[in-house]
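Given next are the chains, with one letter for each unit.
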Amino acid sequence: MKTLVIYYSFEGDTKIIGDTIADDFDADVLELKLEKDVESKDYMKKYLGEKQVLMKTKPLLKPYDIKINDYDLLFIGTPIWSGTYAPAIRSFFSNEKIEGKKIALFYCFTVKRGRISKHMTKALKGNEIVDEIGFKDPLQQDKGSVMERLKRWLSEIKANLTKK
Ligand SMILES: Cc1cc2nc3c(=O)[nH]c(=O)nc-3n(C[C@H](O)[C@H](O)[C@H](O)COP(=O)(O)O)c2cc1C
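Residues numbered from 1 in each chain as written. Predicted model: local features only at pLDDT ≥ 70, side-chain atom pairs only at ≥ 80, totals over all residues. Heavy atoms only, no water.

Enquirer: When you look at the packing of aromatic side chains in this model, what are you seeing that I'm missing?
Expert: Two aromatic rings, taken as a pair, are described by how far apart their centres are and by the angle between their planes. This structure, assessed with the given rule, holds seven aromatic pairs. Here the aromatic rings of Tyr85 and Phe93 are separated by 5.3 Å at their centres, their planes lie at 80°, and the arrangement is edge-to-face. With a relative accessible area of 9%, Tyr85 lands in the buried category. Measuring from ring centre to ring centre gives 6.1 Å for Phe92 and Phe93, while their planes differ by 45°; the resulting arrangement is tilted. Of the residues examined, Phe93 reaches a relative accessible area of 14% and is grouped as buried. One aromatic cluster in this structure is built from Tyr64, Tyr85, Phe92 and Phe93. Above the face of the Tyr71 ring, Lys2 is positioned so that its terminal group lies 4.6 Å from the ring centre. Lying across the ring of Phe25, Lys158 places its NZ or CZ 4.9 Å from the centre. (Phe/Tyr/Trp six-rings, centres within 6.5 Å; stacked < 30°, edge-to-face > 60°. Buried < 20%, exposed > 50% of the residue type's maximum accessible area, 1.4 Å probe, protein only. Lys NZ or Arg CZ within 6 Å of the ring centre and 35° of its normal.)

Pasting the structure below:
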């Protein structure tokens, strides 16, 4: 099953999870990058990011040459911003027609997941969501436990995919 890991990461948490998944699944990686990312001091960047979410902004993504239709299984990861996916993911969903895929979702957040599952399921209608997982600021947790939990989740996904 050809697998692609797609993610956006602002501060590196989602990246470490995404890159580990790609390693484990021997998958290709599409790290979404913005032409112009939120740049400012700490307290402002949260405000500016939240404003983008509120305005449902679709910031311009840097070009990539990966074709989503070449893949059967997608892992899609995002930091949670104001209870939903980051604006870069909104741009990605609007640029791509994603249909008939198996999709596993991963999130990073600080406090709570909010309504991310609902928003993702809505945006990815026409696909099969095989599973999802959330990590609280993984870069600030014990790396061993984060990786153990992630590997366990990946094994469950593999087992379920081969059962079908
Ligand atoms: C603009 C912005 C909005 C955020 N909103 C939320 C939120 O609603 N709930 C939450 O638990 N964490 C929120 N966070 C924290 C991030 O989701 C969290 O730090 C995540 O681990 C960052 O992932 P990253 O390092 O891949 O960017 C927000 C962070 C930013 C910058």
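Enquirer: Help me understand a positive patch on the surface in this model?
Expert: The grouping of Lys56, Arg115, Lys118 and Lys122 at the surface amounts to a positive patch. The residue Lys118 is located in helix α4 (residues 116–123) in this model. (Patch = residues over 30% accessible without salt bridge, like charges linked within 9 Å, V, L, I, M, F, W, Y side chains within 5 Å. Areas by Shrake-Rupley, 256 points an atom, 1.4 Å probe, with all protein chains shown as cover. Salt bridge = Lys/Arg side-chain N within 4 Å of Asp/Glu carboxyl O. Lys, Arg positive; Asp, Glu negative; His and termini not counted. Charge placed at Lys NZ, Arg CZ, Asp CG, Glu CD. Helix = DSSP H or I, 4+ residues; strand = E, 2+ residues; numbered from the N terminus.)

Taken by themselves, the reported measurements are silent on function.
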